[in-house]
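Survey of secondary and tertiary structure
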Amino acid sequence: MAEAGAEQVRSILAAAGASGSWDWNIAADALRIDSRFAELYGLEPEAATRDLPTATFFAAIHPADRPRIRIAVAGMLAGAERFSKEFRVLAPDGSTLWMHGRGQAHLDENDAPVRFTGLLIDVTERKRTEERLRIAQSAGGVGTFEYSDGFATATVSSEFCQLLGLHPAAVLPVRTINSVLCDGEPLLLPQPGSDAIGDTLEAVFRIVRNDDGSHRWIARRGEVVREGSGYRLIGVIYDVTAAKEQEAKLRELADTLEMRVQQEVAERREAEEALRQAQKMEAVGQLTGGIAHDFNNLLTVIIGNIDTVVRRMDMDHDPRMRRSLENALKGAERAASLTQRLLAFSRRQPLEPKTIDIARVLTGMSDLLTRSITETIAIRIDTDAELWKVEVDPHQLENAVLNLAVNARDAMPSGGGLTIEARNVEVRDALPGGCLPGAYVVVSVIDSGTGMSPETVAKVFDPFFTTKEVGKGTGLGLSMVYGFVKQSGGHITIDSTEGHGTAVRLYLARKQQDVLLEAEERRPSARMGNADETILVVEDDDDVRAYTVGILRELGYQVVEAQDGDGALRLLGGHDVGATLLLTDVVMPRMSGPELASRARALHPELRVLFTSGYTRDAIMRDDRLDPDVDLLSKPFTYATLAAKVRELLDRGH
Amino acid sequence: MIRDSVTLGELERDALTEIVNIGVGRAASSLRKMIGDQVTLSVPAIDIVSQRRAARLISEREAAELVAVRQDFDGAFAGRALLIFPESNSLELVRAVTGESLSAEDLAEMEREALTETGNVILNSCLATIANMLKRSLAMTIPEVLHGNSAALFEIDDAGDEDGLVLFLYIDFAVRKRDIRGYIAMIMDIPSLEKLKELLDEFIARVVGDDG
Amino acid sequence: MPVTVLIVDDSKLARIVAGKALAELQPEWQKAEAGSAAQAHEVVAAQPVDVCLIDFNMAEKDGLELAGELRALRPDMPIAIITANIQDEIIARARAIGAAFVPKPVSADSLEAFLSGAALRLRSAKA
């Protein structure tokens with residue numbers, strides 16, 4: 001080869017990225033290399049100009065790669081057609097370079113190899129990139145494929161096989177690849193007779209993995225490389241199952257959005273309705289509470305005076321007068337109980353909540369219920385075995401249950417079944433109408449009676465609303481129950497179906513410390529006073545004060561009186577008044593009962609205090625319940641209840 | 001002690017791959033001559049697996065019935081070589097080999113012959129190259145055409161008493177413009193594989209010399 | 001007198017392929033076919049045969065054996081063993097009995113060297 005020609009070839013090879021070329025003469029057992037090859041192998045430049053021993057070929061190859069390359073070369077010398085191996089070469093500067101040796105055998109007419117020529121191409125950079133790519137692919141779960149138009153197989157990566165659940169292989173039949181597709185899916189790779197490939201490989205396929213049978217979503221991306229009349233597909237696949245599932249969820253969410261908006265709107269409307277109802281009840285409650293308060297004062301006077309007349313007069317001589325007075329008293333007492341209920345509804349009745357076992361309360365009521373309910377109605381009382389404790393006023397609870405039972409009875413004129421249940425219930429989501437999540441004991445009163453229309457149900461808690469004939473009911477039963485439950489921090493629901501019956505449920509919050517304090521029954525009895533016991537009566541209503549003072553004097557107490565707090569404090573400040581007990585109204589102009597009490601106690605720490613009130617909400621209640629230290633006498637009171645309460649207080653030790 | 005398997009070392013595997021590569025290269029060139037179209041043969045991967053596993057490897061890839069050309073060999077080591085392809089490929093292969101000139105009747109008549117000849121050329125290329133490289137000779141029987149699923153081809157029966165191992169060569173041959181692909185498998189018993197391993201070591205010692 | 005070539009192969013297809021290559025290279029030459037060694041002997045006994053192409057891999061009797069027998073009958077006849085079995089041993093045995101070796105698959109290219117050599121030999125034999 002002429003020197004100029006060789007130089008030309010060299011520069012062409014250099015431009016092509018070749019790091020050297022060789023020509024192995026098999027017949028002559030000699031190796032020729034070019035100057036770049038010599039340089040790469042750290043040989044003198046003149047080595048490129050002469051025949052070298054063939055062993056030179058292996059001299060600079062990394063020892064770890066050498067046996068492999070020797071075997072491959074042996075194959076070439078034995079008649080293999082192509083040589084394509086990657087191996088490391090130790091360069092003279094100490095660096096290690098990756099070379100791709102590509103060569104071919106030149107055969108004689110008998111197919112015997114005579115020469116083995118080839119090129120060394122530096123692929124160090126590519127190797128690194130491949131390594132990065134390989135890590136990226138396995139880390140990213142990306143499988144690669146390459147498919148040439150018309151072939152039945154495709155070149156794939158092991159990650160590709162893994163994604164489809166196939167045995168790892170470098171080449172897979174296209175049919176095998178497509179066999180993992182779910183029915184009706186388009187082909188992952190084209191098969192003979194399938195539709196022409198589009199311009200993009202972007203698609204998503206549903207597959208059933210071959211190994212574990214799991215259903216997955218696989219995305220395909222890549223490029224179509226057109227080559228003459230054919231093409232090559234080069235691309236990647238990856239699993240998009242998680243994204244697809246998310247997408248499906250989102251879609252479902254979008255699909256149900258309208259429904260959920262409607263539901264949301266309905267719930268909101270319900271909440272607004274409940275709020276409106278609550279506001280209405282509150283307003284009515286304020287009104288009735290106010291009326292009841294004044295009413296109680298009047299009734300105290302009426303009852304007190306009739307009481308006095310009955311006690312003072314010898315009425316055996318005039319039975320008619322006695323009967324009249326008794327009727328008047330009866331009427332007044334009924335009026336008093338009516339105002340009690342009004343107060344209950346307006347949530348202004350003083351409650352004395354106790355930690356109780358509802359099962360006991362209900363069991364204790366069974367006699368009462370049997371008497372109140374006709375025999376044509378079967379009564380069933382059913383309570384959970386380990387019922388939680390609640391903290392409510394037991395008397396008011398009895399009242400409420402009795403009220404509901406009587407309503408139920410009235411709804412079953414021709415008989416039926418009445419069930420009173422108490423169950424432990426965990427409310428997980430807020431109930432419509434404002435019942436918060438939490439633990440409750442639910443007392444249900446269920447009848448199989450006539451039921452009510454929705455319109456009626458909407459109004460049942462309104463005071464004075466009644467379904468009964470005029471004169472038969474007060475219309476305060478359910479509203480009283482409502483007030484009691486609300487005041488006790490509970491919740492009430494009513495379900496009614498016309499013709500099927502009604503269920504009223506009282507949700508009473510579970511008391512966490514189940515300390516059972518049994519109600520101590522205190523029987524009022526007329527107990528007399530002593531003249532050395534001085535009671536200071538403070539009451540702004542002259543009639544009530546006069547009546548109260550009258551009773552206490554009759555009982556034998558020393559009584560001083562004041563019209564308001566200032567008057568009372570003046571009296572207490574004087575030296576001549578050694579009051580033992582302060583009996584004061586709660587609600588008074590200028591200075592309230594509790595304020596008076598605290599200022600009076602500052603003067604006389606030993607002073608005992610008894611409040612009287614038509615209602616107690618204003619000043620005396622904390623969290624809707626009586627302060628445990630406070631004693632309260634509800635108006636209207638009678639001779640006997642006043643006598644008992646005063647005596648009890650004075651006798652109670654400190 | 002009877003070993004229940006034979007494992008090839010890295011170099012032994014390299015050597016066998018290289019040898020098979022030469023054979024496969026010859027086979028590809030033969031096939032090119034027969035078909036007159038581009039034929040590609042993937043770089044083979046080599047595995048020694050049980051007959052049962054070999055059957056599964058194929059059935060995982062090929063659901064349909066298979067056709068195989070079988071040729072037994074005997075000599076320094078003995079065994080049975082199989083060239084396997086899907087039955088649906090068979091006529092396609094025949095057409096590729098015989099050219100488009102044959103009538104449909106001739107084609108059907110020629111099918112078996114074409115398969116036998118193709119198998120003969122490919123298997124002989126591989127086996128003969130192996131024999132030459134290992135400097136031993138092998139006697140080969142007349143090729144035979146078999147039909148059946150992979151279990152049948154690998155003679156898997158329910159008794160499970162097949163004890164041979166399969167030198168499994170993942171050779172996919174793909175023919176451009178034709179839906180043709182195939183596999184080559186060589187079933188050998190353990191003594192034969194041990195012998196092959198021995199001969200491979202000899203070969204390696206010969207070509208690698210001190211570098212081994 | 002036209003040259004007659006006997007093609008011995010148990011595969012009809014292989015005979016067709018060889019016949020094609022022959023027709024391409026030497027369109028003037030006659031062709032005779034035999035499907036086995038026994039048939040080949042019959043043909044050789046019945047008609048003049050100038051050149052033999054024998055498949056190695058045949059049932060009953062292999063091509064090398066047949067070639068040996070024919071070589072004994074016709075020491076100067078150009079004989080080629082055709083086979084895909086390219087083992088060195090086979091090639092050596094073919095050479096030993098004075099037969100050429102033609103690898104399968106047969107094509108005009110692979111057959112050309114043998115046929116032109118045969119033609120040359122036949123011409124010089126006649127001359």
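Conventions used here
- Residue positions are counted from 1 within each chain, in the order its sequence is given.
- Here chains are named by letter from A upward and ligands by number from 1 upward, in the order in which they appear as written.
- Only residues with pLDDT of at least 70 are given local features in this predicted model, and only at 80 or more are side-chain atom pairs given and counted; all residues enter the totals for whole chains, interfaces and linings.
- A run of DSSP states H or I qualifies as a helix once it reaches four residues; a run of E qualifies as a strand once it reaches two. Both are numbered from the N-terminal end.
- Exposure criterion: with C-beta atoms placed from backbone coordinates, a residue whose C-beta has 20 or more other C-beta atoms within 10 Å is buried, one with 12 or fewer is exposed, and one in between is partly exposed.
- Should DSSP find at least two bridges between two strands, the strands are regarded as paired.
- Axis definition: a line fit to C-alpha positions, over the contact stretch in the case of helices; interaxial angles, taken between N-to-C directions, run 0 to 180 degrees.
- Roughly parallel refers to an angle under 35 degrees, roughly antiparallel to one over 145, roughly perpendicular to one between 65 and 115, and oblique to any angle outside these ranges.
- By the definition used in this description, the sense in which the near helix is turned from the far one sets the handedness, with an anticlockwise turn below a right angle giving left-handed and a clockwise turn giving right-handed.
- Note that contacts rest on C-beta atoms placed from the backbone: two residues are in contact if these are within 7 Å.
- In this count, Pro and Cys sit with the nonpolar residues alongside Ala, Val, Leu, Ile, Met, Phe, Trp and Tyr, while Asp, Glu, Lys and Arg are called charged and the others, Gly among them, polar.
- The directions considered for the arc run from the helix axis to the C-beta atoms.
- Any nonpolar core is a set of buried residues, restricted to Ala, Val, Leu, Ile, Met, Phe, Trp, Tyr and Cys, that join up through C-beta atoms within 7 Å.
- The start and end points of each domain follow an automatic or database-based domain assignment.
- Confidence of the predictor at the level of single residues is given by pLDDT, which spans 0 to 100.
- UniProt positions are given in the numbering used here, feature names are shortened, and annotations may be inferred rather than shown by experiment.

This brings us to the overall build of chain A. Across its full length, chain A holds 18 helices and 26 strands. Per-residue burial for chain A yields a buried fraction of 34% across its 654 residues.

Once that is clear, we can look at the overall build of chain C. Regarding its fold elements, chain C presents 5 helices and 5 strands. Traced from its N-terminal end to its C-terminal end, chain C shows the element sequence β-α-β-α-β-α-β-α-β-α. Classification of the 127 residues of chain C by burial places 47% in the buried group.

Once that is clear, we can look at the sheet that holds strand β2 (residues 30–34) of chain C. Residues and elements named next belong to chain C. On the basis of which strands lie adjacent, the open sheet formed by 5 strands has the order β2-β1-β3-β4-β5 and parallel pairing. What marks the edges here is a single partner per strand, and that holds for β2 and β5 (100–103). Looking at each pair of strands side by side, their axes are set apart by 20 degrees on average, direction ignored. For strand β1 (residues 4–8) and strand β3 (residues 51–55), the ladder comprises 4 bridges, and the chain directions are parallel. Note on β3: the bridge partner recorded for Val5 is Val51.

Packing of helix α4 (residues 66–77) of chain A against helix α1 (residues 10–35) of chain B brings their axes to within 9 Å, and their N-to-C directions diverge by 20 degrees. If you check the angle between α4(A) and α1(B), you find them roughly parallel. Crossing hand, α4(A) versus α1(B): right-handed. Taken together, the residues of α1(B) that come into contact with α4(A) (itself represented by Pro67(A), Arg68(A), Ile71(A), Ala72(A) and Gly75(A)) are Leu11(B), Asp14(B), Ala15(B), Glu18(B), Ile19(B), Asn21(B) and Ile22(B). Among the residues making up the contact of α4(A) with α1(B), the classes are represented as 7 nonpolar, 2 polar and 3 charged.

The subject of this paragraph is the sheet that holds strand β20 (residues 534–538) of chain A. Residues and elements named next belong to chain A. Taken together, the 5 strands give an open sheet; going across it, the order is β21-β20-β22-β23-β26, and neighbouring strands pair in parallel fashion. Bordering the open sheet on either side are β21 (558–562) and β26 (631–634), each of which pairs with just one other strand. In this sheet, neighbouring strand axes are inclined to one another by 20 degrees on average, regardless of whether the strands run parallel or antiparallel. Judged from the 4 bridges that link them, strand β23 (residues 608–613) and β26 form a sheet pairing that is parallel. What sits directly across from Phe611, in β26, is Leu632. Strands β20 and β21 of the sheet are contacted by helix α16 (residues 565–573), whose axis makes an angle of about 160 degrees with β20.

Residues and elements named next belong to chain A. Along α16, the positions that sit buried rather than exposed are Gly565, Ala568 and Leu572. Angularly, the buried residues of α16 cover 60 degrees about the axis, an arc narrow enough to put them on a single face. In α16, the exposed residues that point more than 90 degrees away from the buried face are Arg570 and Gly573. Buried-residue contacts for α16 involve β20, β21 and α17 (593–603).

Let us now look at helix α14 (residues 477–487) of chain A. Residues and elements named next belong to chain A. Within α14, 11 of the 11 residues are buried, which leaves it mostly tucked inside the rest of the structure. Turning to α14, its buried residues number three or more, namely Gly477, Leu478, Ser479, Met480, Val481, Tyr482, Gly483, Phe484, Val485, Lys486 and Gln487. Remark: Gly489 follows α14 within two positions and exhibits a positive phi of approximately 75 degrees.

Turning to the nonpolar core, a few remarks are in order. By size, the foremost hydrophobic cluster in this structure holds 161 residues, and its most contacted members are Ile84(B), Leu127(B), Ala185(B), Leu6(C) and Cys52(C). Of all the elements, helix α4 (residues 104–133) of chain B adds the most residues to this core, at 12 residues. Mapping this core onto the domain boundaries places at least three of its residues in each of domain 1 (3–123) and domain 2 (141–251) of chain A. With near-sequence residues (within four places) excluded, Ile84(B) lies in contact with Ile58(B), Leu66(B), Ala68(B), Leu153(B), Gly182(B), Tyr183(B) and Ala185(B). Membership of the second largest hydrophobic core comes to 41 residues, among which are Ile303(A), Ala336(A), Ile535(A) and Leu583(A).

All right, on to the packing of α1(B) against helix α6 (residues 190–208) of chain B then. All names here are of chain B. Running from amino to carboxyl end, α1 crosses α6 at an angle of 85 degrees, the nearest separation of the two axes being 9 Å. Compared by their axis directions, α1 and α6 come out roughly perpendicular. Each of Leu11, Glu12, Ala15 and Leu16 in α1 lies in contact with α6, whose residues at this interface are Lys197, Leu200, Asp201, Phe203 and Ile204. Across the contact of α1 with α6, the residue classes tally to 6 nonpolar, no polar and 3 charged.

Bringing the pairing of strand β5 (residues 96–107) of chain A into the picture now. All names here are of chain A. In terms of strand pairing, strand β4 (residues 82–90) meets β5 through 9 bridges, oriented antiparallel. Bridging across to β5, Lys85 finds its partner in Gly101. The antiparallel pairing of β4 with β5 creates a hairpin that spans 5 residues between the two strands, and Gly94 there sits at a positive phi of about 95 degrees. Pairing geometry for β5 and strand β6 (residues 113–122), over 9 bridges, is antiparallel. From the neighbouring strand, Gln104 faces β6, where its bridge partner is Thr117.

Before going further, it helps to spend a moment on the confidence of the model for chain A. Residue and element names in this part refer to chain A. Of all residues in chain A, 86% attain a pLDDT of 70 or more, and the chain-wide mean is 81. Of all the helices and strands in chain A, strand β25 (residues 625–626) carries the lowest mean pLDDT, 50, while strand β2 (residues 30–33) carries the highest, 94. Within the model, pLDDT remains below 50 along residues 514–525, and this stretch shows 14 contacts once partners closer than five positions in the same chain are excluded.

Residue and element names in this part refer to chain C. As recorded in UniProt, the sites labelled "modified residue: 4-aspartylphosphate" (unreviewed entry) are Asp55. Within the secondary structure layout, Asp55 lies in strand β3. Judged by C-beta crowding, with 27 C-beta atoms within 10 Å, Asp55 ranks as buried.

With that out of the way, let us pick up the confidence of the model for chain C. All names here are of chain C. Residue-level pLDDT values for chain C average 89, and 98% of them are 70 or greater. Confidence, expressed as mean pLDDT per element, reaches its minimum in chain C at helix α5 (residues 108–126) with 85 and its maximum at β1 with 95. For this predicted complex, the interface score ipTM comes out at 0.77, while the overall pTM is 0.50.

So, about the pairing of strand β12 (residues 230–239) of chain A. All names here are of chain A. Pairing between strand β7 (residues 142–148) and β12: 7 bridges, direction antiparallel. Paired with Glu146 across the two strands is Ile234, which belongs to β12. Connecting the antiparallel pair strand β11 (residues 215–227) and β12 is a turn made up of 2 residues, with Gly228 showing a positive phi of about 60 degrees.

Here we take up the environment of Trp22(A). Along the polypeptide, Trp22(A) turns up in strand β1 (residues 18–25). Setting aside residues up to four positions removed in sequence, Trp22(A) forms contacts with Leu31(A), Arg32(A), Ile33(A), Phe37(A), Phe57(A), Thr117(A) and Gly118(A).

Here we come to unusual backbone geometry. A cis geometry characterises the amide bond from Lys104(C) onward to Pro105(C), with omega recorded as -5 degrees. Inspection of the secondary structure puts Pro105(C) in the loop between β5 and α5. Phi is positive for Asp29(A), which is not a glycine, with a value near 55 degrees. Looking at where Asp29(A) falls in the secondary structure, it is placed in the loop between β1 and β2.

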